[in-house]
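Fold and geometry: a report
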Amino acid sequence: MLAIQNEMPEQTFLELGIWYNNLSRKEEALKVFSIAEPSAEIIYWKAFLENKPVDVSKIKPGTSFPFRNETAEILKSLIKTNDQYQLKYHLGLIEWNRNSISEAKRLFSECGSKPIDPAFYGAKASLFKDDASIVLASLQQAIKLDPQGWRYHKMLAEHYIAQKQFDKALTTAESFYKKHQDNYLIGMLYAKTLLLNKKYREADSFLTKLQILPFEGATAGRQLYHEAKLMQALAEIKNKQYKKALQFIADAKLFPENLGVGKPYDENIDERLENWLDYQCYSNLGNKEMASKSLDKIVAFRPVVDNTVMNFLPANNLVSAWAIEKTSSSQEAEKWIKTQADLYPTNKIVHWTLLSYTKKPSNILSEDEKDGEVRIIEKL
């Protein structure tokens with residue numbers, strides 16, 4: 001046993017034990033499972049091979065997530081004489097992994113309210129994601145069983161966002177974050193709910209204090225900051241306070257160190273939306289030269305994908321079309337934005353920009369699919 005020192009020794013034992021079983025070497029399979037650290041699948045296999053009841057007391061909640069097809073077959077056999085919910089739950093996970101969604105839902109439903117594992121209810125919420133009442137009840141039960149489990153509070157807030165119940169999302173995120181201020185993931189969610197509730201100044205103030213640890217692809221915090229600044233700029237523009245708006249726009253172009261992301265190379269920063277707002281401010285201030293430069297910057301930007309990484313924010317394609325229309329013609333603008341839609345046919349936000357520019361019904365994005373750029377542009 002000591003010789004197996006990989007990350008997941010359980011899987012090594014399962015692989016070897018199942019191999020022996022497939023060779024009809026039951027005794028060898030049992031020896032392998034007997035020296036392994038007990039886990040749900042190991043326990044199931046031993047019970048099956050020894051023809052004994054399953055001792056579920058040794059199964060640790062929240063750490064067992066079977067996925068093997070061979071385990072599914074023995075679970076089907078064990079369920080005939082074992083009524084413990086864990087067996088149906090774990091078989092449901094395997095069926096879900098095999099994309100047998102209806103069968104997985106049946107097994108989860110048969111567990112009823114017996115499970116005392118919060119992970120079960122978190123999984124159930126994801127499995128029944130299209131049934132809002134089940135999602136809500138499942139997440140509330142998960143939180144009842146594990147009040148300190150941040151993932152369940154996060155899922156609940158995100159559920160409220162998907163249901164456009166932004167006030168409930170804010171209450172959920174805020175109450176948990178105030179008790180766990182070291183959890184920057186919930187902190188980012190709290191900032192997002194502030195933005196969704198149009199509390200832009202509060203979100204801006206909060207983000208100046210939030211410390212996000214840098215990690216690969218950590219752009220979410222900066223995106224929230226960017227949205228908070230530009231939403232305030234929009235408010236100043238509507239109040240005809242153009243100089244104040246210009247300051248918010250300038251701030252939006254910054255990359256604060258506390259938000260966990262460094263500044264990319266200039267050519268990889270998509271500032272088309274900021275430049276469009278600059279254009280509007282300078283135009284209203286009568287500064288034609290700066291207004292013209294702002295439009296030129298937008299038109300000069302070239303959206304590209306390099307090694308699967310985009311240098312652009314898809315919603316800003318609509319901004320490019322507006323700028324092309326100002327500097328050339330609406331025909332050229334429509335031609336350009338149609339070309340972009342053809343280049344990225346599976347990108348829903350790119351498709352949204354085309355529909356929006358051509359003034360066709362564009363309600364194709366759910367709240368979850370909208371990013372800060374979309375929300376800002378919708379207010380222009």
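Let me begin by describing the structure that accompanies this report. (Residues numbered from 1 in each chain as written. Predicted model: local features only at pLDDT ≥ 70, side-chain atom pairs only at ≥ 80, totals over all residues. Heavy atoms only, no water.)

**Re the layout of surface pockets**
As a volume, the largest pocket reaches approximately 1300 Å³. In terms of lining, the largest pocket is formed by 48 residues, of which the most central are Thr219, Ala220, Gln223, Leu313 and Asp371. The class makeup of the residues in the lining of the largest pocket is 22 nonpolar, 11 polar and 15 charged. Of the volumes computed, that of the second largest pocket is approximately 440 Å³. Lining the second largest pocket are 20 residues, and of these Glu10, Glu37, Pro38, Ser39 and Thr63 lie nearest its centre. Elements that contribute at least two residues to the lining of the second largest pocket include exactly α1 (9-22) and α3 (40-50). When residues of the lining of the second largest pocket are assigned to their parent elements, the largest contribution, four residues, is made by α1. (1 Å grid on protein atoms, 1.4 Å probe; cavity = no way out; pocket = protein on both sides within 12 Å on 5 of 7 lines; lining within 4 Å. Points joined across faces, edges and corners; volume = space filled by probe spheres on them. Nonpolar A, V, L, I, M, F, W, Y, C, P; charged D, E, K, R; others polar. Helix = DSSP H or I, 4+ residues; strand = E, 2+ residues; numbered from the N terminus.)

**Details of the environment of Glu367**
Tracing the backbone through its elements, the reader meets Glu367 in the loop between α19 (348-357) and α20 (372-378). Since its relative accessible area comes to 12%, Glu367 is described here as buried. Sequence separation of Glu367 and Ala162 is 205 residues, and the distance between their C-alpha atoms is 5.9 Å. With near-sequence residues (within four places) excluded, Glu367 lies in contact with Ile161, Lys164, Phe166 and Arg375. (Buried < 20%, exposed > 50% of the residue type's maximum accessible area, 1.4 Å probe, protein only. Contact = heavy atoms within 4.5 Å.)

**Re the packing of helix α8 (residues 132-145) against helix α9 (residues 150-162)**
Where α8 contacts α9, the two axes come as close as 9 Å, and the packing angle between them is 155°. In this view, α8 runs roughly antiparallel relative to α9, as classed from their interaxial angle. The handedness of the crossing between α8 and α9 comes out as left-handed. Residue-level contacts link Ala132, Val135, Leu136, Leu139, Gln140, Ala142 and Ile143 of α8 to Tyr152, His153, Met155, Leu156, His159 and Tyr160 of α9. Of the residues contributing to the contact of α8 with α9, the split by class is 10 nonpolar, three polar and no charged. (Axes fitted to C-alpha atoms, helices over the stretch in contact; angles between N-to-C directions. Parallel < 35°, antiparallel > 145°, perpendicular 65-115°, else oblique. Left-handed = near helix turned anticlockwise from the far one by under 90°.)

**Quick notes on the nonpolar core**
Ranked by internal contacts, the top residues of the largest apolar core, which has 89 residues, are Tyr89, Phe108, Leu210 and Trp352. When residues in this core are grouped by element, the largest group, nine residues, is from helix α11 (residues 184-196). Those residues in contact with Phe108, other than ones at most four positions away along the chain, are Tyr89, Gly92, Leu93, Phe120, Ala123, Lys124, Leu127 and Phe128. Listed in part, the 26 residues of the second largest apolar core include Val32, Ala47, Ile74 and Leu75. (Core = buried A, V, L, I, M, F, W, Y, C linked by side-chain atoms within 4.5 Å.)

**Notes on helix α17 (residues 316-327)**
Compared with the 16 Å implied by 1.5 Å per residue over 12 residues, the 17 Å span of α17 between its first and last C-alpha is a close match. Within α17, the full set of buried residues consists of Asn316, Asn317, Leu318, Val319, Ser320, Ala321, Ala323 and Ile324. Check the buried side of α17 and you find it contacts α15 (272-284), α16 (288-300), α18 (330-343), α19 and α20. (Expected span 1.5 Å × (residues − 1).)

**Quick notes on the packing of α11 against helix α12 (residues 200-207)**
It is at 8 Å that the axes of α11 and α12 come closest, and there the two elements cross at 160°. Considering the angle they form, α11 stands roughly antiparallel to α12. The chirality of how α11 crosses α12 is left-handed. Between α11 and α12, the residues in contact are Gly187, Tyr190, Ala191, Leu194 and Leu195 and Tyr200, Glu202, Ala203, Phe206 and Leu207, respectively. Looking at the contact of α11 with α12, its residues break down into eight nonpolar, one polar and one charged.

**Points about the packing of aromatic side chains**
Within this structure, the stated rule accounts for 14 aromatic pairs. Taking 5.1 Å as the distance between ring centres and 35° as the angle between the ring planes, the aromatic pair formed by Trp276 and Tyr279 counts as tilted. Residue Trp276 and its partner Tyr279 are located together in helix α15, separated by three residues, close to a single helical turn. Under the relative-accessibility criterion, Tyr279 is labelled buried at 15%. With centroids separated by 5.4 Å and ring planes inclined at 50°, the aromatic side chains of Phe312 and Tyr344 adopt a geometry described as tilted. One end of the pair, Phe312, is in the loop between β2 (309-310) and α17; the other, Tyr344, is in the loop between α18 and α19, and 32 residues separate them in sequence. For Phe312, a relative accessible area of 3% puts it in the buried group. (Phe/Tyr/Trp six-rings, centres within 6.5 Å; stacked < 30°, edge-to-face > 60°.)

**Considerations on the side chain of Ser138**
The topology assignment puts Ser138 in helix α8. With a relative accessible area of 3%, Ser138 lands in the buried category. Within the local environment of Ser138, its side chain forms a polar contact with the backbone oxygen of Ile134, the two atoms lying 2.8 Å apart. In this view, Ser138 contacts Tyr121, Lys124 and Ala125; residues no more than four positions away in its chain are not counted. (Polar contact = N/O pair within 3.5 Å; in protein donor to acceptor, adjacent residues only side chain to side chain.)

**Focus: unusual backbone geometry**
Look at Asn99: it is not a glycine, yet its phi comes out positive at around 65°. Locating Asn99 in the fold gives a position in the loop between α5 (85-97) and α6 (101-110).

So far we have only geometry, and geometry alone does not tell us how the molecule works.
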